[in-house]
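Below, each chain spelled out in residue letters.
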Amino acid sequence: MHVYGIKNCNTVKKALTWLEDNAISYTFHDFKKEGISEEKLLTWENQIGWEPLVNKRGTTWRQLSSEEQTAVIDSDSANALMQAKTSVIKRPVIESNGGIIVGFDESEYKAKLT
């Protein structure tokens with residue numbers, strides 16, 4: 001299982017703590033240090049679409065100009081933004097046998113990861 005995120009993100013911290021408390025092993029991929037490939041984004045989008053990956057509630061999104069925000073209209077424009085500003089990706093993204101999970105939802109984690 002792979003967990004993608006940013007180490008100092010509170011939501012990622014909650015998710016990692018939950019995984020550790022439930023003795024679930026994982027490999028962590030830090031967006032800030034390792035970036036994200038377009039191929040990986042496309043893999044996720046094939047399963048869940050691009051919209052759930054763009055965090056429109058976060059600080060990074062709010063700091064974009066209205067022109068930059070309105071330019072995000074499809075997978076190509078969203079991927080360019082997510083690669084340029086990885087902090088705009090909703091976190092964490094978990095790849096598991098149960099599929100892709102975005103964000104932290106304890107009931108979803110219990111259903112798909114245990």
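Coordinates for the structure precede this section.
The structure reproduced in this document is the subject of the present report. Model, not experiment: these values are computed from the prediction.

Here strand β3 (residues 93–96) shows no split at all, with Val93 and Glu95 on one side and Ile94 and Ser96 on the other all buried. Bridging between β3 and strand β4 (residues 99–102) involves four bridges; their strand directions are antiparallel. Each bridged residue has a counterpart across the sheet, and for Ser96 the counterpart in β4 is Gly99. Linking β3 back to β4 in an antiparallel pair, the connection comprises two residues.

Another aspect to go through is the packing of helix α3 (residues 38–48) against helix α6 (residues 75–84). Packing of α3 against α6 leaves a shortest axis separation of 10 Å and a crossing angle of 130°. Relative to α6, the element α3 lies oblique. Crossing angle aside, the handedness with which α3 passes α6 is right-handed. Across the interface between the two elements, Glu38, Leu41, Leu42 and Glu45 of α3 pack against Ser75, Asn79, Met82 and Gln83 of α6.

A word on the pairing of strand β1 (residues 2–5). Here four bridges tie β1 to strand β2 (residues 27–30), and the two strands are oriented parallel to one another. For Gly5, the partnering residue across the bridge sits in β2 and is Asp30. The parallel pair β1 and β2, bridged by helix α1 (residues 10–21), forms a crossover whose chirality is right-handed. As defined by bridge partners, β1 adjoins β3 across three bridges and the pair is classed as antiparallel. Opposite Val3, over in β3, you have Ile94 as the bridge partner.

Turning next to the side chain of Glu95. By the secondary structure assignment, Glu95 is in strand β3. Only 2.9 Å separates the side chain of Glu95 from the side chain of Trp44, close enough to count as a polar contact. Sequence-distant contacts of Glu95, that is, excluding residues within four places in its chain, are made with Met1, His2, Tyr4, Lys40, Trp44 and Ile100.

With that settled, the discussion passes to unusual backbone geometry. Note that the residue after Arg91, namely Pro92, is joined by a cis bond; omega there is -15°. If you trace the backbone, Pro92 turns up in the loop between α6 and β3. In this model, Ala23 sits at a positive phi of 55°, which is unusual for a non-glycine residue. For Ala23, a relative accessible area of 71% gives the class exposed.

Reading the values: the criteria
All residue numbers refer to position in the chain's written sequence, counted from 1. The predicted origin of the model limits local features to residues at a pLDDT of at least 70 and limits the giving and counting of side-chain atom pairs to 80 or more, whereas totals for whole chains, interfaces and linings rest on all residues. The side-chain quantities take in all heavy atoms of the structure and omit both hydrogens and water. Exposure classes here rest on a 1.4 Å probe applied to the protein chains alone. A residue is buried below 20% of its type maximum, exposed above 50%, and partly exposed in between. We count a stretch as a helix when DSSP gives it H or I for four or more residues in a row; a strand needs E for two or more, and each element gets its number in order from the N terminus. Following DSSP output, two strands are said to pair if at least two bridges run between them. Angular values range over 0 to 180 degrees, each being the angle between N-to-C directions of two axes fitted as lines to C-alpha atoms, with helices fitted over their stretch in contact. Roughly parallel means an angle under 35 degrees; roughly antiparallel means over 145; roughly perpendicular covers 65 to 115; every other angle is labelled oblique. A crossing counts as left-handed when the near helix is turned anticlockwise from the far one by less than a right angle, and as right-handed when that turn is clockwise. Residues are treated as being in contact if the distance between any of their heavy atoms lies within 4.5 Å. Crossovers are marked right-handed if the path from the first strand over the helix to the second runs clockwise, as seen with the strands pointing away from the viewer. Polar contacts, as counted here, are pairs of nitrogen or oxygen atoms within 3.5 Å of one another; within protein the pair requires one atom able to donate a hydrogen and one able to accept it, and residues that are adjacent in sequence qualify only if both atoms are side-chain atoms.

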